[in-house]
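Single-letter residue listing:
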Amino acid sequence: MYRLSDGYSRKIDYLRVSVTDRCNLRCSYCMPPQGIKLHHKDKLLTLEETKRAVAILSDMGISKVRLTGGEPLLRENILILAEGIKNIEKIEDISLTTNGMLLKKYAKNLYRLGIRRLNISIDSLNQEKYRTITRGSRLDSVLQAVDDSIGMGFGPIKINTVITPLFDLEDAARFMNMAESMPVHIRFIEMMPVPGTNNIECSINTAPSSPPGIAIRDIISFMNPLGYKPLEEQLGFGPAVYYKKEGDKGSIGFIENRRDTCSYCNRIRLTCRGTLKTCLFSSEELDIKKDLQNSDDAAVQEKIAAFIKSKPLDRDCSSRGRPHLFESMNRIGG
Ligand code: SAM
Ligand code: SF4
């Protein structure tokens, strides 16, 4: 049996599965207002193919799966897929990243299937800004989804907050209040450059000039005098660093677009059209859709194992001086 590791001996045990490129929002940093050209439905992996891919990968060492998209809850029969993956013997953890719009409809069944870990995306707690960033959606719907999820017993619940140019310290303070009173873990995420958007880099380390809005370092300076301390325990399997102050129910984390987090990267991605990616920032892909239709497990595994060996040491900075995405997150699966 394979034990998946890459050419630098990093153990690979975490798979993000993008189950659709479709989305019911149009977040300004993720896609242009008109949306992006979607893949024809025939080009997407079927539920059976997706399940088979996860099963094959689980035999190679993948034990944690996150369903994402696009908006994963838009995928037809998402519950059947989630159940299928849940029933794969070696999958120990299945989680979901969602914009929360359809959570009310699915929460009960997701919980019943054993999904507990939710990442819910909210980029501002100011209704007007939220509406602007998402191009028309309502903040109260997603906040209700967060409340309901806490009430039902989901956890940990992480709130993904991309630092857009609209973001300011008042937004940061609102999220800090949220983490004070609710058991949620906020993750301030550095916005990554994506083709087709006007994203501006907001890197704490490398932004060449002051971008509009604020950077992670400004939030950290704002938090510093307030008694926040780094969390000792690891929250989840990702690159975020978390802080909290005494008495807070939740915490505040940061995800920076930095190369030094690559040394412990344990993840690969399966796109909705059946390609594997070893790095969010790489253009390299392995198309396994046909193999999932025609080849036996051993042959698919051999191909995958060879591909994983080519996982880059760190995110590619060669072409534009800064790591950037070759296509939007809703296609790759953020
Ligand atoms: N639609 C779901 C959602 O928004 O949660 C799941 C897919 S979305 C692509 C996954 C995550 O990627 C979201 O938290 C989103 O904020 C983040 N994301 C999308 N584009 C990004 C970008 N350019 N830079 C940083 N994060 C991004
Ligand atoms: Fe849709 Fe998520 Fe992209 Fe927003 S970030 S447009 S919700 S895929």
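Just so you know, these numbers come straight off a predicted model, no measurement behind them. (Residues numbered from 1 in each chain as written. Chains lettered and ligands numbered in written order. Predicted model: local features only at pLDDT ≥ 70, side-chain atom pairs only at ≥ 80, totals over all residues. Heavy atoms only, no water.)

(A) How the structure looks around the site of ligand 1. In the neighbourhood of ligand 1, 21 residues make up the surrounding shell, with Tyr-29, Gly-70, Ser-121, Asn-160 and Met-192 lying closest. Between ligand 1 and the protein, one listed contact pairs an oxygen atom with a backbone N or O atom of Thr-98 at 3.2 Å. Coverage of ligand 1 by the protein amounts to 96% of the 550 Å² it exposes when considered alone. Contributing elements (two or more residues each) for the shell around ligand 1: β3 (93–98), β5 (157–163), β6 (184–190) and α10 (329–332). Split by residue class, the shell around ligand 1 holds 8 nonpolar, 11 polar and 2 charged. (Near = heavy atom within 4 Å. Polar contact = N/O pair within 3.5 Å; in protein donor to acceptor, adjacent residues only side chain to side chain. Areas by Shrake-Rupley, 256 points an atom, 1.4 Å probe, with all protein chains shown as cover. Helix = DSSP H or I, 4+ residues; strand = E, 2+ residues; numbered from the N terminus. Nonpolar A, V, L, I, M, F, W, Y, C, P; charged D, E, K, R; others polar.)

(B) Structural detail: the packing of helix α1 (residues 47–58) against helix α2 (residues 78–86). One way to put it is that α1 packs onto α2 with a least axis distance of 10 Å and a crossing angle of 25°. As far as their axial angle goes, α2 and α1 are roughly parallel. Once α1 is placed against α2, the crossing between them reads as right-handed. Taking contact as the criterion, the partners of Leu-47, Thr-50, Lys-51 and Val-54 in α1 are, on α2, Ile-80, Leu-81, Gly-84 and Ile-85. Partitioning the contact of α1 with α2 into residue classes produces 5 nonpolar, 2 polar and 1 charged. (Axes fitted to C-alpha atoms, helices over the stretch in contact; angles between N-to-C directions. Parallel < 35°, antiparallel > 145°, perpendicular 65-115°, else oblique. Left-handed = near helix turned anticlockwise from the far one by under 90°. Contact = heavy atoms within 4.5 Å.)

(C) Layout of the site of ligand 2. Every residue lining ligand 2 is accounted for by Cys-23, Leu-25, Cys-27, Tyr-29, Cys-30, Met-31, Gly-70, Asn-99 and Asn-330. Tallied by class, the residues present in the shell around ligand 2 amount to 6 nonpolar, 3 polar and no charged.

(D) Region of the structure containing the layout of surface pockets. By volume, the second largest pocket amounts to about 230 Å³. Taken together, the residues that form the lining of the second largest pocket break down as 4 nonpolar, 3 polar and 4 charged. (1 Å grid on protein atoms, 1.4 Å probe; cavity = no way out; pocket = protein on both sides within 12 Å on 5 of 7 lines; lining within 4 Å. Points joined across faces, edges and corners; volume = space filled by probe spheres on them.)

(E) Quick look at the pattern of salt bridges. Inspection of the entire model under this criterion finds 19 salt bridges. When the shortest N-O distance is used, the salt bridge between Arg-22 and Asp-21 registers 2.9 Å. On the basis of relative accessible area, Arg-22 is assigned to the partly exposed category, the value being 21%. Across the salt bridge formed by Glu-180 and Lys-245, the nearest N and O atoms sit 2.6 Å from each other. Separated by 65 residues along the polypeptide, Glu-180 in helix α6 (residues 169–181) and Lys-245 in the loop between β8 (241–244) and β9 (251–255) bring together distant segments of the chain. What makes Glu-180 partly exposed here is its relative accessible area of 37%. (Salt bridge = Lys/Arg side-chain N within 4 Å of Asp/Glu carboxyl O. Buried < 20%, exposed > 50% of the residue type's maximum accessible area, 1.4 Å probe, protein only.)

(F) A look at the nonpolar core. If you look at the biggest cluster of nonpolar residues, it comprises 85 residues, and the most contacted ones within it are Leu-67, Ile-122, Ile-159 and Ile-304. If you look at the next biggest cluster of nonpolar residues, it comprises 5 residues, including Met-192, Cys-279, Leu-280 and Phe-281. (Core = buried A, V, L, I, M, F, W, Y, C linked by side-chain atoms within 4.5 Å.)

(G) Focus on the packing of aromatic side chains. Per the counting criterion, the structure on display carries 6 aromatic pairs. Ring centres of Tyr-111 and Phe-154 lie 5.2 Å apart, and the angle between their planes is 80°; on these two criteria the pair is classed as edge-to-face. Of this pair, Tyr-111 sits in helix α3 (residues 103–112) while Phe-154 sits in the loop between α5 (139–152) and β5, and the two are 43 residues apart along the sequence. Overall, Phe-154 belongs to the buried group, its relative accessible area being 6%. Both rings, one in Phe-175 and one in Phe-188, keep their centres 5.8 Å apart while their planes meet at 85°; by these two values the pair is edge-to-face. Here Phe-188 lies in strand β6 and Phe-175 lies in helix α6, a separation of 13 residues in the sequence. Judged by its relative accessible area of 0%, Phe-175 is buried. (Phe/Tyr/Trp six-rings, centres within 6.5 Å; stacked < 30°, edge-to-face > 60°.)

So yeah, pure geometry; function would need other evidence.
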